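This is what each chain is made of:
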Amino acid sequence: MSYLVLTDVRKQFGEFVAVQSFNLTAERGEFVSFLGPSGCGKTTTLRMIAGFEQPTAGQIVLDGEDITNRPPNKRNVGMVFQSYALFPNMTVADNIGFGLKVRKRPSDQIKKRVDELLELMNLPDKGSRYPYQLSGGQQQRVALARALAFEPQVLLLDEPLSALDAKIRVALRQEIRSIQRQLGITTVYVTHDQEEALSLSDRVVVMSQGRMEQVGTPFEIYNFPTTAFVASFVGTLNILPGIVTDAARGEVTIAGQPVRIDRKFEGSEGSDVRVALRPEMVSLGADAANGANRLTGKVRDVNFLGSIVRIRIGLGDGGAVVVLDEFNEPTLKLPQRDETVTISFPQDGPLVLDASAQVESVEALIAEA
Amino acid sequence: MAEAVAPSERGAPPARPVRRFPRNWLGLIPFFLFSFLFMILPTSFLMIGSFQKDDQFSLQNYADLNTGIIPGAFFTSIEISLVTAIAGGIVGFALAYVVILGGLPKFLRTATLTFSGVASNFAGVPLALAFIFTLGQLGILTVFLQGLGLNIYEGDFRLTGKFGLELVYLYFQIPLMVLIIAPAIDGLKKEWREAAENMGATPAQFWWRVALPILMPSILGTMVLLFGNAFGAQATAYQLTGGTLNIITLVITSQIRGDVLHNPGLGYAAAVGMIGIMVVSISVYTVLQRRSERWLRS
Amino acid sequence: MRSWLKLRGGADGGRRRSLGTLVASWLVFGAMFLYFFLPLLATFLHSIKPRPNDIPDPTLAYRQVLADERFYVGLGYSFLVGVITIIISLLIIVPTAYWVRLRAPRLRPVVEFLTLMPFVVPPVVFVFGLIRTFGGPPFQLLATNFGSDLVLVAAYVILSFPYMYRAVDTGLAVIDVRTLTEASQSLGANWARILWRVIFPNLRTAILSGAFLTLAIVIGEYTIAQFLARTWAFGPYLSLLGRNAPYTPAVVSLISFGLTWIAMFMIAYLGRGSRQIQVAGAR
């Protein structure tokens, strides 16, 4: 049963198109993430669902009712803001109960509900505190409780964890997900952190420059990206320059070495392409599996990252660099710098991108850091 | 200084902390000296004078504050200050709100704030004159209304009276409120309103339950500041009324001119009384200011 | 038309507002505009009002003022007093603010309290105290012109403290004076040199802001000047005109207003990009 439906939703600010033709059908209880870089339109779309922006075109339907033109205070959605936006003049309990107070519920009912939520958020004795007395993580939980108090039909979260420390972020996002599951509430979650999106969602919408790039489960998005943008934004990626030998048979050369790719692509003989490859698909050593591609190169760098060892290998005359990750293990025998090694990857692993496609590569990411 | 000498005599710890102590204060000596000579000393002399009656130490002057024209003067001063503080506060807040959040073109906000900076400084003689030119017996507004058949001087209205003075004082009270409350209104986060709306509040409910409570310390604090501002004003009142209105600053004015109270000590006591009231108002302002800063910074 | 109303969304980024809110906003603004504009208009009209003779003469009052020696004496005297006040005030305040920040931060509350005293003691009470203190023994300053001038300047310096201190203190915060000082010291400069060559030049904007405000206050000041018998100062001059002459006070009023506006404009111009408010308050 489609619970939240956005049809051809579009938002334009003067000449600037922030959101082009957004379409989504979310089921009841589903957790959907909008994932993308700053300025891609994900927050704007969320705000249109909340009612803070008016769509230039399109329709938003919630549980069968058209809410496109309804003012924000008449929609039954609960929003959690990036900056928490807790009311500083009210206690935690008053903050949480605000939505109920505005709906004129009796005060004993409000108190009961507030206590319920304080329990749920694991803040049992903080009801009479003021926001400034709480830590960031606690404030965010209060914001979440506040949004849930009046039992909204949809929960909206606008990058709720981006202002928090890394450790708290990981802990809190699990809490959010488990509470969401417990309550079974339809949720839209906006983030630029792909780890968050992938680990929490039932489905992910990847956005870029106002467009929906791809909609799918985290598994689909990661393993079967349909556009270059999705491939590069989600997860890390090796980008290798290749030259087409025979597109129909999936043959290219990378750094002069032959490679077979089991996916459809186009290109005339001799044309430049870029071959995208996830680090975890590449393994050290000649893979015994039949038909696996093999490339030979020299080790440039071995970086120990804790649970992962990252090895950079230059292919051919050093133009192409492959980054591969191996799980750290005390018995691991790591290659040395300047050692010649063989790497292998399966034939259906790589993605072939147009040479002109704008993608971020692992190299670029390392260079930026 | 005694503390500073002991350690060096004992000789054990480094001499630096000892030598640094007076040197750190050196740079502040001109300031302290100047402040003492021209601020603390005159104020102290006033206080000393207030305790003297007929060249003897006496508390009588303070008791005598309740005699003659003085209580009336204090009362009227306080009344005028309260009225202009509250009215100026409310109107000033309304103007600031309207120009920042009311949907008016953006340039009006800048214009209003700049003008407020000028107008809050346009007190004293020129302001009194400007109002005489407007609402005096021959003022352009008076004449204009007479042309319409309305004679404002027919009734009790006198520009030189209490109400007239209040009207004039608002000319610098309102801008002062606008200037001080504008940053506070700016400090209202957009997200608060959105969060309130999101939870079902109407704009009125948002203002009543969230925005006004958050702004209240600022508003009240500024009103207190406005109170002190009006309480101490003299030049405007003197020029407007010729010294005829019985407010405490004009009483002091007459006293300086020539001991109208026939008791120098009483004059000083009245002055000290004024200082006391100002101290209370500044203290209240400081407390409220701190509270508002804490909330608006969150 | 409706879209124009919606677009002109004010500081809130184009949020839609109800027609009622907009109407109310314009009404409030309109009423305020009238209230503030009328007295200025009245002053202007008064200044060009011809004498009750047959030939209308709008510039008569202006010419009378400009021909009046007392106008120049008043403006010149007050301007000079203002400049001297500014110089002395800076010589006291800048080192003080610097020292408080760098060497004696624990004294900050004391210093700030002292700079705020002018708000606690209204001018009329202040001059009352000054007369009592310096009029009689042991100082006996007010018998001579020079002595009275001295006290006047001193009083104005005190009056300027709140604004000067705030301006300079904020300026010091902005330029990160601690780091600048340490850098200068590591390059071998002594205190005087640091103050003169490093701190003062970087505080130019702050100093000018404070200076303009002080100047505006001094030129317009009436109470202290009057009671210290400086009746030729600009404030008392205007007051005298206002009580005796029919039309010339309007001109001087306008000039005074114009000067204040220029001072405030300079302050706003200097302070562009910062969020300071400079207010002078009632007199």
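Our subject is the structure that appears above.
In this text the structure is predicted, and so the values were computed from the model without any measurement.

Is there a simple way to think about the overall build of chain C in this case?
Of regular secondary structure, chain C possesses 14 helices and zero strands. From first element to last, N terminus to C terminus, chain C shows the α and β order α-α-α-α-α-α-α-α-α-α-α-α-α-α. Looking at chain C as a whole, 51% of its 283 residues are labelled buried. The long-range fraction of contacts in chain C, counting pairs at least 24 apart against all pairs at least 6 apart in sequence, stands at 72%. Carbon and sulfur atoms make up 67% of the accessible area of chain C, which amounts to about 13,500 Å² in all.

For this particular structure, what's the right way to read the environment of Thr-236 of chain A?
Here Thr-236 of chain A shows up in the loop between helix H8 (228–233) and strand S11 (238–246). Considering only alpha carbons, one finds Thr-236 of chain A and Phe-150 of chain A, 86 residues apart in sequence, at a separation of 40 Å.

What is the right way to read the interface of chain A and chain B from this model?
The accessible area lost on association of the parts is a frequent measure of interface size. The partner chain B presents 21 residues to the 25 residues of chain A that form the contact. Summed over both partners, the interface of chain A with chain B buries about 2,100 Å², with 62% contributed by carbon and sulfur atoms. If you sort the residues of chain A by the area they bury against chain B, Asn-73, Pro-88 and Asn-89 of chain A come out on top, with a joint share of 27%. Between the two partners, chain A and chain B, sit one salt bridge. Here Glu-194 of chain B and Arg-47 of chain A are joined by a salt bridge, their closest N and O atoms 2.7 Å apart. The tally of links between chain A and chain B comes to seven residue pairs in polar contact (both at pLDDT 80 or more). When contributions to the side of chain A that touches chain B are tallied by element, the ones reaching two or more residues are strand S6 (77–80) and helix H2 (92–102) of chain A. Residue contributions to the side of chain A that touches chain B peak at four residues, all from H2 of chain A. For the side of chain A that touches chain B, the per-class residue count stands at 14 nonpolar, five polar and six charged.

How should I be thinking about unusual backbone geometry in this particular structure?
Glycine aside, residues mostly have negative phi, and peptide bonds are mostly found in the trans state. Backbone geometry places Tyr-84 of chain A, a non-glycine residue, at a positive phi of 65°. Within the secondary structure, Tyr-84 of chain A is located in the loop between S6 and H2. Even without a glycine there, the phi angle at Gln-140 of chain C is positive, about 50°. The topology assignment puts Gln-140 of chain C in the loop between helix H7 (123–135) and helix H8 (145–174).

Help me understand the sheet that holds strand S8 (residues 186–191) of chain A in this model?
Backbone hydrogen bonds hold the strands of a sheet together, and the pairing may be parallel or antiparallel. Residues and elements named next belong to chain A. Ordered in space as S6-S7-S8-S3-S9-S10, the six strands form an open sheet in which the pairing is mixed. Each edge of the open sheet is held by one strand with a lone partner, namely S6 and strand S10 (211–216). Each neighbouring strand pair of the sheet contributes to a mean axis angle of 15°, computed without reference to strand direction. For strand S9 (residues 203–208) and S10, the ladder comprises five bridges, and the chain directions are antiparallel. Across the sheet, the residue bridging to Val-205 is Val-215, located in S10. Its contacts with the sheet put helix H4 (residues 136–149) on S6 and strand S7 (154–158), and the angle it makes with S6 is roughly 170°.

Whenever I open this one, the pattern of salt bridges confuses me. Can you help?
What the rule picks out here adds up to 25 salt bridges over all chains. The partner of Arg-193 of chain B in a salt bridge is Glu-197 of chain B, and the shortest N-O contact between them spans 3.3 Å. Separated by four residues within a single helix, Arg-193 of chain B and Glu-197 of chain B lie in helix H10 (residues 190–198), roughly one turn from each other. Judged by relative accessible area, which is 11%, Arg-193 of chain B ranks as buried. Using a relative accessible area of 13% as the deciding quantity, one classes Glu-197 of chain B as buried. What you see here is one network of salt bridges that share partners, running through Arg-47 and Glu-53 of chain A together with Lys-190 and Glu-194 of chain B.

I keep staring at the nonpolar core and nothing clicks. Help me out?
When a protein is soluble and globular, its nonpolar side chains tend to lie buried together. Counting 242 residues, the largest nonpolar core has Phe-34 of chain A together with Tyr-171 of chain B as its most contacted members. When near neighbours in sequence (up to four residues on either side) are disregarded, Tyr-171 of chain B contacts Phe-115, Ala-119, Phe-122, Leu-127 and Phe-131 of chain B together with Tyr-35, Phe-36, Pro-39 and Leu-40 of chain C. In terms of nonpolar packing, the next biggest core, distinct from the first, is built from 25 residues, Val-252, Ile-313, Val-322 and Val-341 of chain A among them.

Explain the packing of helix H13 (residues 248–258) of chain B against helix H14 (residues 264–296) of chain B to me, please; I cannot follow it from the model alone.
Helix-helix packing is described using two parameters, namely the angle between the two axes and the distance between the axes. Residue and element names in this part refer to chain B. Two numbers describe how H13 lies on H14: the axes approach to 10 Å, and their chain directions differ by 150°. When the axes of H13 and H14 are compared, the crossing they make is left-handed. On H14, the residues touching Ile-248, Thr-249, Ile-252 and Gln-255 of H13 are Pro-264, Gly-267, Ala-270, Ala-271 and Met-274. Looking at the contact of H13 with H14 residue by residue, the classes come out as six nonpolar, three polar and no charged.

I tried to follow the interface of chain B and chain C on my own but got confused; where do I start?
With 91 residues of chain B in contact, the opposing surface of chain C contributes 86 residues. When chain B packs against chain C, close to 8,100 Å² is buried across both sides, 75% of that on carbon and sulfur atoms. Along the contact surface separating chain B from chain C lie zero salt bridges. The tally of links from chain B across to chain C stands at seven residue pairs in polar contact (both at pLDDT 80 or more). In terms of residue count, the dominant contributor to the side of chain B that touches chain C is helix H3 (residues 29–50) of chain B (15 residues). Class assignment for the residues of the side of chain B that touches chain C results in 60 nonpolar, 23 polar and eight charged.

Reading the values: the criteria
- Residues numbered from 1 in each chain as written.
- Chains lettered and ligands numbered in written order.
- Predicted model: local features only at pLDDT ≥ 70, side-chain atom pairs only at ≥ 80, totals over all residues.
- Heavy atoms only, no water.
- Helix = DSSP H or I, 4+ residues; strand = E, 2+ residues; numbered from the N terminus.
- Buried < 20%, exposed > 50% of the residue type's maximum accessible area, 1.4 Å probe, protein only.
- Contact = heavy atoms within 4.5 Å.
- Areas by Shrake-Rupley, 256 points an atom, 1.4 Å probe, with all protein chains shown as cover.
- Buried area = accessible area lost by both parts, 1.4 Å probe.
- Salt bridge = Lys/Arg side-chain N within 4 Å of Asp/Glu carboxyl O.
- Polar contact = N/O pair within 3.5 Å; in protein donor to acceptor, adjacent residues only side chain to side chain.
- Nonpolar A, V, L, I, M, F, W, Y, C, P; charged D, E, K, R; others polar.
- Pairing = 2+ DSSP bridges.
- Axes fitted to C-alpha atoms, helices over the stretch in contact; angles between N-to-C directions.
- Core = buried A, V, L, I, M, F, W, Y, C linked by side-chain atoms within 4.5 Å.
- Left-handed = near helix turned anticlockwise from the far one by under 90°.

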